[in-house]
Amino acid sequence: MSSLDEAIDAIRKTRPRSVLVLTGAGVSADSGIPTFRGPGGLWRNFRPEDLATPEAFRRDPRLVWEWYEWRRGLIRDAKPNAAHEAIARLGDALVATQNVDGLHARAGSSNVIELHGNIVRVRCVREGNPRLHEEPFDDLPPRCTCGELLRPDVVWFGEALPDDAVARTVSMVAAADLLLVIGTSGIVHPAAGFATLHQGLSIEINPEASGVSAVCTYAVPLRAAEATPPIVDAILEAHR
Ligand code: NAD
C-alpha cells in the first residue's frame, strides 16, 4: 500500500471534522512560482536568505526591490493549481500559509492566515499603513508620499510574525482533528513547530523529506497538485 493510500485509509477511519492546512512554497511550485530552496530559487546568483532581510534592504533597497518586482511579476501571472483548488473545497477549514502569493484566496479559500504577509501589499517604513499595490512600480525603490521608502508588506528573515496570526494558528493546531502540511521545508520557525505541537492525525505532502516528515503520521512523497485532491476527496467523502 502506498503512503497516499494509507493516509486516505486513516482519513476514512478517523473521519476528521476540523482540518488545519499548513502550506509553504511547495504548494505554489506547481503554479510555476519557485520555492526558495529548489530550482529557480536563485536570482542573479543571490540567495533569497540574503535578500529577504532588513539588513539587505538597508544596504541596497533598489536591489531588494528589483528581486521583489521579479517575484511580484511571476505571482501576478500565476494561477492557483489543483492543490489550491482542492484546499478551497474544504470550505471554512483554516489555511495557515507561509506563502506571500495570495493564491489560496484567489482559489476561493475564505479562512486564510498569511503568516508571512502578502507580496501584493506595500507599506511605508515610517508610517506603516499597508496598502494594495498590484502594478509594477515605474521607479525603484518606490517611495511613499511622505518621502520615505516603501517596502513589501511581508515578514523578512529575522523579523517577528504577527502575534495574532501565530496565536490563532497555535490554538487551531491544538483543536484540529487533522493537520495537513503541504510543501514546506519545515525549517522556518515558528511555523515549523506547528506540526510538532499537533496531537492526532497529521499528513505531509512533499516530494522530498522535510524537517516535519518524521513528526507527521504519514509523509506522502508526491507533488501537492497530485496528492492534495485525493486527500481532500477522502475528507469530504468521510462525512457523506
Ligand atoms: P522552501 O522554499 O524552504 O521549501 C519548499 C518545500 O516545498 C521543500 O521542502 C520542497 O521539497 C517542497 N516542494 C517543492 N515542490 C513541491 C511540490 N510540487 N509539491 C509539494 N511540495 C513541494 O519553502 P518554505 O518552507 O515555505 O519557506 C519558507 C519561506 O519561503 C517562507 O517565508 C515563504 O514566505 C517563502 N516563499 C514563499 C513563496 C510563495 O509565496 N509562493 C515562494 C518562495 C518562498
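The preceding data block contains the structure.
Residues numbered from 1 in each chain as written. Predicted model: local features only at pLDDT ≥ 70, side-chain atom pairs only at ≥ 80, totals over all residues. Heavy atoms only, no water.

Across the sheet, 3 strands lie side by side as β5-β4-β6; this open sheet has antiparallel pairing. Because the sheet does not close on itself, it has two edges, and the strands there are β5 (128-132) and β6 (150-154). Averaged over neighbouring strand pairs, the angle between their axes works out to 40° when direction is ignored. Across 4 bridges, the pairing between strand β4 (residues 117-124) and β6 is antiparallel. The residue bridging arginine 123 from the neighbouring strand is arginine 151, located in β6. Of the strands in this sheet, β4 and β6 are in contact with helix α4 (residues 61-77), which crosses β4 at around 140°. (Pairing = 2+ DSSP bridges. Helix = DSSP H or I, 4+ residues; strand = E, 2+ residues; numbered from the N terminus. Axes fitted to C-alpha atoms, helices over the stretch in contact; angles between N-to-C directions. Contact = heavy atoms within 4.5 Å.)

Moving on: the packing of helix α1 (residues 3-14) against helix α9 (residues 224-237). Two elements in contact, α1 and α9, have axes whose closest approach is 9 Å; the angle formed by their N-to-C orientations is 20°. Taken together, α1 and α9 sit at an angle that is classed as roughly parallel. For the pair α1 and α9, the sense of crossing is right-handed. Across the interface between the two elements, Leu4, Ala7, Ile8 and Ile11 of α1 pack against Ala227, Pro230, Ile231, Ala234 and Ile235 of α9. Class assignment for the residues of the contact of α1 with α9 results in 9 nonpolar, no polar and no charged. (Parallel < 35°, antiparallel > 145°, perpendicular 65-115°, else oblique. Left-handed = near helix turned anticlockwise from the far one by under 90°. Nonpolar A, V, L, I, M, F, W, Y, C, P; charged D, E, K, R; others polar.)

Residues in close proximity to the ligand total 26 residues, the closest being Arg37, Gln98, Asp101, His116 and Asn206. One of the backbone N or O atoms of alanine 25 is found 2.8 Å from an oxygen atom in the ligand. Alanine 224 places a polar main-chain atom, nitrogen or oxygen, 2.8 Å from a nitrogen atom of the ligand. In isolation the ligand offers 850 Å² of accessible surface; the protein chains occlude 91% of this area. When grouped by side-chain class, the residues that make up the shell around the ligand number 9 nonpolar, 11 polar and 6 charged. When we break the shell around the ligand down by domain, the ones giving at least three residues each are domain 1 (1-33 + 80-116 + 162-240) and domain 2 (34-77 + 120-154). (Near = heavy atom within 4 Å. Polar contact = N/O pair within 3.5 Å; in protein donor to acceptor, adjacent residues only side chain to side chain. Areas by Shrake-Rupley, 256 points an atom, 1.4 Å probe, with all protein chains shown as cover. Domains from an automatic or database assignment.)

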